[in-house]
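Single-letter residue listing:
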Amino acid sequence: MRVFLVFLFCWMPVFAKADTVGDPESGARLFGLHCAACHGPGARGDGPLSDGMTPAPPDLTLLAKQNHGALPLTGIATRIDSRNSQNSQHGGMPVYGWFFDGPVVTISSGTAGDFETTQPIADLLAWLGTVQD
Ligand code: HEC
């Protein structure tokens, strides 16, 4: 019995991780490389390129607060991907859908239901979740 319990505990972190689709450490790295220039290293909208930018890069640490306390996962994923939107226009958020292509993962977004995105975008969402105000 004791051996069984030890075995079970050893595996628990593995099972716990299976629930979390995105990897915040990878997300932090991706954000630092591809988003921080505009949104700032801490996602507060104060990156070195943000000066005088119109529209200004928003403070992404407020996204949950602005959405009744829950990070609007589907909306953010769509915004990062952007292949179906207008933000390819000059001055807005770049289109990252092709760039962040990768294995497709399913994210559960509470009442908004499940949606599919790619692993790099899931990682970014996981990191953004850790920096909410
Ligand atoms: C060239 C500057 C620039 C880069 C690089 C950039 N963004 Fe943005 N982002 C913006 C601007 C400007 C806006 C506001 C205007 C718009 O939505 O197009 C914005 C808006 C957003 C929004 C919508 C926020 C809201 O209030 O709904 C999200 C989410 C976002 N960016 C995430 C990211 C992520 C994640 C990355 C990196 C993969 C990134 N951005 C890279 C400039 C940038």
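All of the points below concern the structure found in this document. (Residues numbered from 1 in each chain as written. Predicted model: local features only at pLDDT ≥ 70, side-chain atom pairs only at ≥ 80, totals over all residues. Heavy atoms only, no water.)

### Describing the overall build of the protein chain
- For the protein chain, the count of helices and strands is five helices and two strands.
- Secondary structure elements in the protein chain, listed N-terminal to C-terminal, are α-α-α-α-β-β-α.
- Looking at the protein chain residue by residue over its 133 residues, the buried ones come to 34%.
- Contacts spanning at least 24 positions in sequence make up 45% of the contacts within the protein chain whose residues lie at least 6 apart.
- Split by element, the accessible area of the protein chain, about 8,600 Å² in all, is 61% carbon and sulfur. (Helix = DSSP H or I, 4+ residues; strand = E, 2+ residues; numbered from the N terminus. Buried < 20%, exposed > 50% of the residue type's maximum accessible area, 1.4 Å probe, protein only. Contact = heavy atoms within 4.5 Å. Areas by Shrake-Rupley, 256 points an atom, 1.4 Å probe, with all protein chains shown as cover.)

### A short note on the coordination of the iron atom of the ligand
- Protein coordination at the iron atom of the ligand: the donors are His39 (NE2) and Met93 (SD), at 2.0 to 2.1 Å from the metal.
- In this structure, the iron atom of the ligand is coordinated by six donor atoms arranged in octahedral fashion, with angles at the metal of 87 to 179 degrees. Taken as a pair, histidine 39 in helix H3 (residues 36-39) and methionine 93 in the loop between helix H4 (73-81) and strand E1 (104-108) lie far apart in primary sequence, 54 residues in all. (Donors = N, O, S within 2.8 Å, 3.2 Å for Na, K, Ca; no water. Tetrahedral: all angles 85-135°; square planar, octahedral: opposite > 155°, others 65-115°.)

### Examining the pattern of salt bridges
- In total, this model carries four salt bridges according to the counting rule given.
- With a closest N to O distance of 3.8 Å, arginine 44 and aspartate 59 form a salt bridge. With arginine 44 in the loop between H3 and H4 and aspartate 59 in the loop between H3 and H4, the pair connects residues that are 15 residues apart, well separated along the chain.
- Judged by relative accessible area, arginine 44 falls into the partly exposed class, the value being 43%.
- Between aspartate 133 and arginine 44 there is a salt bridge; the shortest N-O distance is 3.3 Å. Residue aspartate 133 is found in the segment after helix H5 (119-130), and its partner arginine 44 is found in the loop between H3 and H4; the two are separated by 89 residues along the sequence.
- Several salt bridges converge on common partners, so that one network encompasses Arg44, Asp59, Lys65 and Asp133. (Salt bridge = Lys/Arg side-chain N within 4 Å of Asp/Glu carboxyl O.)

### Some thoughts on the packing of aromatic side chains
- Applying the stated rule across the entire model yields four aromatic pairs.
- Geometrically, the ring pair formed by phenylalanine 31 and tryptophan 127 is tilted, given 4.7 Å between the ring centres and 35 degrees between the ring planes. Here phenylalanine 31 is found in helix H2 (residues 24-34), whereas its partner tryptophan 127 is found in helix H5, with 96 residues between them in sequence.
- Judged by relative accessible area, phenylalanine 31 falls into the buried class, the value being 3%.
- Relative to phenylalanine 100, the ring of tyrosine 96 has its centre 5.3 Å away and its plane inclined at 20 degrees; by these criteria the two rings are stacked.
- Looking at tyrosine 96, the relative accessible area reads 14%, which means it is buried.
- On the basis of relative accessibility, which here comes to 3%, the residue phenylalanine 100 falls in the buried class.
- Chaining the aromatic ring pairs together yields one cluster made of Tyr96, Phe99 and Phe100.
- Geometry around tryptophan 98 places arginine 83 over its ring, the cationic atom sitting 5.4 Å from the centre. (Phe/Tyr/Trp six-rings, centres within 6.5 Å; stacked < 30°, edge-to-face > 60°. Lys NZ or Arg CZ within 6 Å of the ring centre and 35° of its normal.)

### A few points about the site of the ligand
- Close to the ligand lie 22 residues, the nearest being Cys35, Cys38, His39, Arg79 and Met93.
- With respect to the ligand, the backbone of methionine 93 contributes an N or O atom lying 2.9 Å from an oxygen atom.
- Residues belonging to the shell around the ligand are distributed by class as follows: 16 nonpolar, five polar and one charged. (Near = heavy atom within 4 Å. Polar contact = N/O pair within 3.5 Å; in protein donor to acceptor, adjacent residues only side chain to side chain. Nonpolar A, V, L, I, M, F, W, Y, C, P; charged D, E, K, R; others polar.)

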